[in-house]
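Chain by chain, the residues run as shown.
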Amino acid sequence: MDWKAKVDLFEQLRREHEFGVGTIAGVAAKFGVHRRMVRQALANALPPPRQYRQRAKPKLDAVLAFIDGVLEEDRRAPRKQRHTARRLHRRLLMEFPGVVVAESTVRNHVRERKRAMGLVLRETFVPQSYALGQEAQVDWYEAWADLGGDRTKVQVFAMRSMASGAAFHRAYLHATQQAFLEAHEAAFGYFGGVFRLLRYDNLTSAVRKILRGHRREETVRFVAFRSHWRFAAEFCTPGEGHEKGGIEGEVGYFRRNHLVPVPVAADLDALNMLLLAGCRADEARVLDGRHEAVGATMAMEREHLLRPVAEGFDLADVTFPVVDKLGCVTVKTNAYSVPAPAGSRVEARVHPLHVEIWQGGRRVARHERYHGRRQQVLDLEHYLDVLGHKPGALAGSRPLEQWRQAGRWLACHDELWARLQARHGKQDGTRAMVSVLMLGREFGEERLRAAIATVVSLGACDVAAVRYLLAEAGLHKMAPAAVDVGALARYDRPMPSVADYDMLLHSSPCAGTA
């Protein structure tokens, strides 16, 4: 009996008891119901909620241990990279193809378990309406990834179009200002244009100081970047995440669907390829209350965006340090080696992932950017000219130690160095090894490493042997082309035969005396 029919029955029972038979037993006998139901009707016009018995769930029981195990593992996972019921159901479909369990069943169980484990969090967002190309929201968020076998925390930049719902995500090791600006340009390329308004949290990459109300003292480079790309910026009230609820919801959705479980990639570039693939896959989504996919709306929005400028903004943070007596320049508190004389002034260009040193309009050094403090980042190649005059400093040098740690100095290098010292002595042998390393400037480090390995395998120990292997390809002469002799062909004669001389081997000995 459905709810409405039961309410109607309760009304009849109440009226019959008050205006008809007047007794509980008489009413029950007339309507063919139990006396308990008559008492319930007299107590309340609405039927009591139905009590359901706990039923067996054979399909859920088959995967119950797996679900509970995943939820238990989520306790140790990053808080924002835990499984949702939908993500769990999708994993069940892929990893347990023989078990068919409804998503609602999984959702109900996950809700109960998460409530019991204290993992249930609820947020409320106010729906908004946006014109095409008008506004996008920007934020950073943290995530974890297994890069090269190591669990690494990355900072992910996210920009979401508020009209189409399309979003762009890009990961960096550190949320520096250069990464912040570079990610903007990558996002503009993904969307095909520039939004008229970008809404931010109070990011240190853009905001230098929070003033009263919505006023902000912005960083100089961000103001220049904003002027270059011609967009306006607004900043949210500190601690009021609902003012940019679109990007907050996007971050949660993207993390749950593309960063759970923790992604595995060879390096940061490979991880960003995975994130871009996730962005493209999300273009097929149809948001609640809409009839077209995100990608279709994104294509229409492209016509309403500001056109990209012809040239990008110079993202590098430029300084002009002086080379110290250790052959280094200090950039962002860290020392980077440079092949320039001590006391000379150079130009340092800081990018999101690397640092470039320029002198006289030419790039003289390039290092991977280090984000620690007061560390030395050294390249042995920058000290080869000095080591040619001071060979004794090579063995205990810090640049050599960093080459070993980076895998740029192999066992074959040590073997060749030992042979050169055994042949020429410690000083001259080391000086010869420095001469070998200088060949990398001319032929490249990869080719030099292969040539050293070949020389060692052949048992040689000479600088000239290494140079010969490196220049070997240019020493081969081309095979001469065939020449058409034309009329001279009539002078061709067959090759003479010496078969008749074999008769002398079988003839009788010569008669006569000597």
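For the structure itself, look to the data block above.
Residues numbered from 1 in each chain as written. Predicted model: local features only at pLDDT ≥ 70, side-chain atom pairs only at ≥ 80, totals over all residues. Heavy atoms only, no water.

A. Structural context of the layout of surface pockets. In this structure, the second largest pocket encloses a volume near 780 Å³. Leu173, Leu353, Glu368, Arg369 and Tyr370 are the residues nearest the centre of the second largest pocket, which is lined by 27 residues in total. With 4 residues, the top contributor of residues to the lining of the second largest pocket is helix H14 (residues 398-406). Across the lining of the second largest pocket, the residue classes tally to 10 nonpolar, 9 polar and 8 charged. (1 Å grid on protein atoms, 1.4 Å probe; cavity = no way out; pocket = protein on both sides within 12 Å on 5 of 7 lines; lining within 4 Å. Points joined across faces, edges and corners; volume = space filled by probe spheres on them. Helix = DSSP H or I, 4+ residues; strand = E, 2+ residues; numbered from the N terminus. Nonpolar A, V, L, I, M, F, W, Y, C, P; charged D, E, K, R; others polar.)

B. Quick look at empty space enclosed by the protein. Across all of its chains, the model carries 3 cavities of 30 Å³ or more by this definition. Approximately 100 Å³ is the volume found for the largest cavity. Taken together, Glu381, Leu384, Trp403, Arg408, His413, Leu437, Gly440, Arg441, Glu445, Leu448 and Arg449 form the lining of the largest cavity. Contributing elements (two or more residues each) for the lining of the largest cavity: helix H16 (426-443) and helix H17 (445-457). Of the residues that constitute the lining of the largest cavity, the class distribution is 4 nonpolar, 2 polar and 5 charged. In this structure, the second largest cavity encloses a volume near 50 Å³. Split by residue class, the lining of the second largest cavity holds 5 nonpolar, 1 polar and 4 charged.

C. Highlighting helix H7 (residues 103-117). Across its 15 residues, H7 extends 20 Å between first and last C-alpha, which sits within 8% of the 21 Å expected from 1.5 Å per residue. The complete set of buried residues in H7 reads Val106, His109, Val110, Lys114 and Met117. Down the axis of H7, the smallest arc covering the buried residues is 130°, so these residues share one side. Two residues or fewer after H7 comes Gly118, characterised by a positive phi angle close to 75°. (Expected span 1.5 Å × (residues − 1). Buried < 20%, exposed > 50% of the residue type's maximum accessible area, 1.4 Å probe, protein only. Arc of directions from axis to C-beta.)

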